[in-house]
Amino acid sequence: MENFNFYNPVKILFGKGKTSELSTLIPANAKVLMTYGGGSIKKNGVYEQVIQQLKPFQVVEFGGIEPNPRYETCMKAVALVKQHDIDFLLAVGGGSVLDGTKFIAAASKYAHGDPWDILSKHVLIQDAVSLGAVLTLPATGSEMNGGAVITKEETQEKLAFVSPLVMPKFSILDPVFTFSLPRHQVANGIVDAFVHVMEQYLTYPVNSPVQDRFAESLLITLIEEGNLAMQQTTPVYENRANLMWAATMALNGIIGAGVKSDWATHTIGHELTAFHGLDHAVTLAIVLPGLLRQVKEKRHEKLSQFAYRVWNIRELDSKKACEMAIDKTEAFFRSLGMLTKLHEHTIHEDTIDKIILRFGQRNMKSVGNQQDISLVEVKMILKSQL
Ligand code: NZQ
Ligand code: ZN
């Protein structure tokens, strides 16, 4: 196992009715900016529950954080934070609202010019407004990590930043809040969490049985509970609870500590969203199968383990077993309703060229933390999914 530092101070309040504890979690006398998305919380009762809890505080509201949150939108909230002297942010929504709020938290305290530099130049932030979260869509893990992904509309760029300073002080995870999700968003969450695990698992062995078996348990849970969720015509609490906790555990740092992580699928996928506005998880469902086929020889050992332990494949020819595991993974995504080919989204070869050009302009020679996927291979990965 490799050396690591692990730090995760996010307090999790998990379960039905947990929003009733919200008022005890926010510092007394705080001036709160409550952030949310396009209005789903006003239709499913979450807004009322939260507003009830915010009665003891001064509250300013900022709605309209869109999926794939935009820098331009977040900067409007930064102006509100400064105007009203806000000292606590409460994000109520999915990963986009949480990520947007993390950026607002950092940008509000950024005094060195344009806060976009936090994303484009990886400028380390020194300070951030404290934040908490009420999660309504299990997928990103944003509720228990310090990452955020922001899109700049003007330049069609989608970039990430990470800082412990924007980890939520607390996150409330009530599975009932996910009951109003449309089916395709439930599927998005399952695929996003699945790929988060794969990004931290499917690389190279470092003798890390704890992390490996945690990762495998999450993958198997996501397959089992994901299939159940798709069969259920009305949401079942236990199923939604298991999916919610799996998605949080998939990206809170635990399974990624001390192992060789990747993130190439995400790096490529973010470009598909940047250019075509595809849902985040949809891009991952396209890229991951192509990527696994590209690296199946280099990463043979982990891929064989994945085939045996996650997909229960008993084929003795390990090369064949790896191919079967990749096919099963793609078939699983498709069974959730994901379209895994680019042409199914009317995306063609010109986009692949634009992505390669852009990576080149960023002086990237390869993608992913293992530097084992060259730009030529990125092109092959995307072409294989045309
Ligand atoms: O905006 P509202 O009206 O709330 O509607 C949202 C949105 O339209 C809706 N929704 C959320 N909860 C709902 C609901 N509708 C009905 N009932 C509910 N309970 O769902 C739509 C999608 O929401 P969004 O927040 O965009 O989805 P998700 O949670 O999948 O977040 C995706 C974003 O997170 C980033 C992605 O890149 C993308 O921008 N990621 C963040 C990560 C992180 N911070 O660690 C890691 C991920 O890899 C990912 O990159
Ligand atoms: Zn993701």
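None of the values given here were measured: they were computed from a predicted structure. Position numbers for residues start from 1 in each chain and track the written sequence from start to end. Chain A is the first chain written and ligand 1 is the first ligand written, with later ones labelled in order. Selection of residues for local features in this predicted model requires a pLDDT of at least 70, selection of side-chain atom pairs for listing and counting requires 80 or more, and totals for whole chains, interfaces and linings are taken over all residues. Side-chain metrics in this entry use all non-hydrogen atoms of the structure; hydrogen atoms and water are not considered.

(A) View of the overall build of the chain. The way it works is that DSSP assigns letters per residue, a run of H or I at least four long becomes a helix, a run of E at least two long becomes a strand, and they are numbered from the N terminus. Assigned secondary structure in the chain consists of 15 helices and 10 strands. Referenced to the eigenvectors of the C-alpha coordinate spread, the extents of the chain come out at roughly 65 × 45 × 45 Å. Remark: exposure states derive from per-residue accessible area (1.4 Å probe, protein chains only) relative to the maximum for the residue type, with buried under 20%, exposed over 50%, and partly exposed in between. The 386 residues of the chain split such that 57% are buried. Contacts are assigned to residue pairs with any non-hydrogen atoms lying within 4.5 Å of each other. Across the chain, the fraction of contacts at a sequence separation of at least 24, relative to all contacts at a separation of at least 6, is 78%. Method for areas: the Shrake-Rupley scheme with a 1.4 Å probe, in which residue coverage is limited to the protein chains shown. Accessible area for the chain stands at about 16200 Å²; split by element, carbon and sulfur atoms hold 53% of it. When charges are counted, Lys and Arg are positive and Asp and Glu negative, with His and the chain ends excluded. All charge positions are set by atom: Lys at NZ, Arg at CZ, Asp at CG, Glu at CD. Where the 38 positive side-chain charges of the chain centre and where its 40 negative ones centre are 1 Å apart.

(B) Up close: the domain arrangement of the chain. Under the domain assignment, the chain is made up of domain 1 (11–177) and domain 2 (183–384). In this document the domain limits rely on a domain assignment from an automatic tool or a database. Just the C-alpha atoms count here: the centres of domain 1 and domain 2 sit 26 Å apart. Between domain 1 and domain 2, the contact holds 24 residues from the first and 24 residues from the second. Carbon and sulfur atoms make up 62% of the area that domain 1 and domain 2 hide from each other, which totals about 2000 Å². The salt bridge definition used is simple: a Lys or Arg side-chain nitrogen within 4 Å of an Asp or Glu carboxyl oxygen. Seen at the junction of domain 1 and domain 2, the total is 0 salt bridges. N or O atoms closer than or at 3.5 Å make up a polar contact, with two conditions inside protein: a donor-capable atom paired with an acceptor-capable one, and, for residues adjacent in sequence, both atoms drawn from side chains. Connecting domain 1 to domain 2 are 5 residue pairs in polar contact (both at pLDDT 80 or more). Accessible-area loss on putting two parts together, using a 1.4 Å probe and summing over both, is the definition of buried area adopted here.

(C) Structural detail: the site of ligand 1. Looking at ligand 1, there are 33 residues lining it, with Gly38, Ser40, Ser96, Lys158 and His196 nearest. Here Lys158 contributes a side-chain N or O atom positioned 2.7 Å from an oxygen atom of ligand 1. His196 is positioned with one of its side-chain polar atoms (N or O) 2.7 Å from an oxygen atom of ligand 1. Elements supplying a minimum of two residues to the shell around ligand 1: helix H5 (95–107), strand S6 (147–152), helix H7 (183–201) and helix H10 (264–276). Each of domain 1 (11–177) and domain 2 (183–384) gives at least three residues to the shell around ligand 1. Any residue with a non-hydrogen atom lying within 4 Å of a molecule or strand is treated as near it.

(D) Geometry of the nonpolar core. By nonpolar core is meant a set of buried Ala, Val, Leu, Ile, Met, Phe, Trp, Tyr and Cys residues that side-chain atoms within 4.5 Å join together. Counting residues in hydrophobic clusters, the biggest one holds 68 residues, and the most contacted among them are Phe194, Met198, Phe306, Phe333, Val378 and Leu382. Each residue touching Val378, except ones within four places of it in the same chain, is listed here: Ile268, Ile356, Phe359, Val367 and Ile373. Counting 37 residues, the second-largest nonpolar core is a separate cluster that includes Cys74, Val81, Val129 and Val166.

(E) Structural view of a nonpolar patch on the surface. The grouping of Met1, Phe4 and Phe6 at the surface amounts to a nonpolar patch, some 320 Å² of accessible area in total. With respect to the secondary-structure elements, Phe4 resides in the segment before strand S1 (11–14). Patches draw on residues past 30% relative accessible area with no salt bridge. Two like charges within 9 Å are joined, as are two nonpolar side chains (Val, Leu, Ile, Met, Phe, Trp, Tyr) within 5 Å.

(F) Broad picture of H5. Given a helix with a known number of residues, its expected span is that number minus one, times 1.5 Å. For H5, built from 13 residues, the straight-helix expectation of 18 Å at 1.5 Å per residue is met to within 8% by its first-to-last C-alpha distance of 18 Å. Most of H5 sits out of view: 12 of its 13 residues are buried. Of all the residues in H5, the buried ones are Gly95, Val97, Leu98, Asp99, Gly100, Thr101, Lys102, Phe103, Ile104, Ala105, Ala106 and Ala107.

(G) Representation of the sheet that holds strand S2 (residues 31–36). Being paired, for any two strands, means DSSP has found at least two bridges between them. Reading across the sheet, the 6 strands line up as S1-S8-S5-S4-S2-S3 and stay open at both edges, with parallel pairing between neighbours. Two strands close off the open sheet at either side, each with one partner strand: S1 and strand S3 (58–62). Ignoring which end each strand starts from, the neighbouring axes of this sheet average 20 degrees apart. Strand direction decides the pairing type here: S2 and S3, joined by 5 bridges, are parallel. The partner of Met34 across the bridge, within S3, is Glu61. Here helix H4 (residues 71–83) sits on the sheet and contacts S2, S3 and strand S4 (88–93); the angle it forms with S3, its principal contact strand, is near 160 degrees. The axes used here are C-alpha line fits, helices contributing only the stretch in contact, and every angle between their N-to-C directions lies in the interval 0 to 180 degrees. Relative to S4, H5 is tilted by about 165 degrees, and along the sheet it contacts S2, S4 and strand S5 (130–135).

(H) Highlighting the coordination of the zinc ion (ligand 2). Only Asp192 (OD), His196 (NE2), His266 (NE2) and His280 (NE2) from the protein reach the zinc ion (ligand 2) as donors, at distances of 2.0 to 2.1 Å. A 2.8 Å cut-off from the metal defines N, O and S donors, relaxed to 3.2 Å for Na, K and Ca; water is not in the atom list, so some sites may appear incomplete. Counting the intervening residues between successive donors of the zinc ion (ligand 2) yields the motif D-x3-H-x69-H-x13-H. With Asp192 in helix H7 and His266 in helix H10, this residue pair connects regions lying 74 residues apart in the sequence. Neither residue differs from the other here; Asp192 and His266 are each classed as buried.

(I) Expanded view of the packing of helix H14 (residues 349–361) against helix H15 (residues 375–384). The contact between H14 and H15 brings their axes to 10 Å, and the two run at 160 degrees. Overall, the two elements H14 and H15 adopt an arrangement that is roughly antiparallel. As for how H14 packs across H15, the hand of that crossing is right-handed. Between H14 and H15, the contacting residues are Glu349, Ile352, Asp353, Ile355, Ile356, Phe359 and Gly360 on the first element and Leu375, Val378, Lys379, Leu382 and Lys383 on the second. Roughly parallel here means an angle under 35 degrees, roughly antiparallel means over 145, roughly perpendicular means 65 to 115, and every remaining angle is called oblique. Left-handed is the label given to a crossing in which the near helix is rotated counterclockwise from the far helix by less than a right angle, and right-handed is the label when the rotation is clockwise.

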